[in-house]
Amino acid sequence: MFVNPIVEFCMSNMACGSQKTFEELEQDPNLDVLEYGCLSFCSQCAESLYAVVNGEIVEGETPDELKENIYRFIEENPLF
């Protein structure tokens, strides 16, 4: 059985710029993209755009860089 990678976004970080990344990744049927009010990584949230991918923080300076880094992380860290 195949399990999709889980990509979690914090609403506060989405308001800081990762909303575009969230919307683009949400269209990918091979990802489970979730949003939460807070992921409790407040210092991370204040410093950069980020998402939590399969439990690990992935960062980016821009929405596009964040998206690229998320896909790279998933490719380099398969679930199985």
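Per an unreviewed UniProt entry, the chain is named UPF0349 protein C772_02893, and its organism is Bhargavaea cecembensis DSE10. The Sequence similarities (unreviewed entry) field of the UniProt record for the chain holds the comment "Belongs to the UPF0349 family."

Participant: I tried to follow the pattern of salt bridges on my own but got confused; where do I start?
Facilitator: Inspection of every chain in the model, using the stated rule, returns three salt bridges. Between Asp-64 and Lys-20 there is a salt bridge, with its nearest N and O atoms 2.8 Å apart. Residue Asp-64 is located in helix 3 (residues 63-76), and its partner Lys-20 is located in helix 1 (residues 11-26); the two are separated by 44 residues in the primary sequence. Residue Asp-64 is classed as partly exposed on the basis of its relative accessible area of 36%. Each member of the salt-bridge network shares a partner with another, and the members are Lys-20, Glu-24, Asp-64 and Lys-67.

Participant: Where do I start with the environment of Glu-65 in this structure?
Facilitator: The residue Glu-65 is located in helix 3 in this model. Residue class for Glu-65 comes out partly exposed when judged on its relative accessible area of 32%. A sequence separation of 15 residues divides Glu-65 from Tyr-50, and the C-alpha atoms of the two residues are 10 Å apart.

Participant: Sorry, what's going on with unusual backbone geometry here?
Facilitator: A positive phi is found at Ser-40, a non-glycine position, where the angle reads about 65°. Relative to the helices and strands, Ser-40 is located in the loop between strand 2 (32-36) and helix 2 (42-47). The residue Asn-54 is not glycine, and still its phi comes out positive at about 50°. Of note, Asn-54 is situated in the loop between strand 3 (49-53) and strand 4 (56-60).

Participant: Honestly, the side chain of Asn-4 in this entry has me stumped. Any pointers?
Facilitator: You can see Asn-4 is positioned in the segment before strand 1 (6-10). At 3.3 Å, the side chain of Asn-4 and the backbone oxygen of Pro-29 are in polar contact. One polar contact links Asn-4 to Asp-32, side chain to side chain, over a distance of 3.3 Å. Not counting residues within four places of it along the chain, the set of residues in contact with Asn-4 comprises Pro-29, Asn-30, Leu-31, Asp-32 and Leu-79.

Participant: Teacher, can you tell me more about the pairing of strand 4 here?
Facilitator: When a strand is regular, its side chains alternate between the sheet's two faces. As judged from the five bridges shared by strand 3 and strand 4, these two strands associate in the antiparallel manner. Its bridge partner being in strand 4, Val-53 is matched across the sheet by Glu-56. Counting the residues between successive antiparallel strands, the hairpin from strand 3 to strand 4 contains two residues, one of them, Asn-54, with a positive phi of roughly 50°.

Thresholds applied
Residues numbered from 1 in each chain as written. Predicted model: local features only at pLDDT ≥ 70, side-chain atom pairs only at ≥ 80, totals over all residues. Heavy atoms only, no water. UniProt positions renumbered as here; feature names shortened; annotations may be inferred. Salt bridge = Lys/Arg side-chain N within 4 Å of Asp/Glu carboxyl O. Helix = DSSP H or I, 4+ residues; strand = E, 2+ residues; numbered from the N terminus. Buried < 20%, exposed > 50% of the residue type's maximum accessible area, 1.4 Å probe, protein only. Polar contact = N/O pair within 3.5 Å; in protein donor to acceptor, adjacent residues only side chain to side chain. Contact = heavy atoms within 4.5 Å. Pairing = 2+ DSSP bridges.

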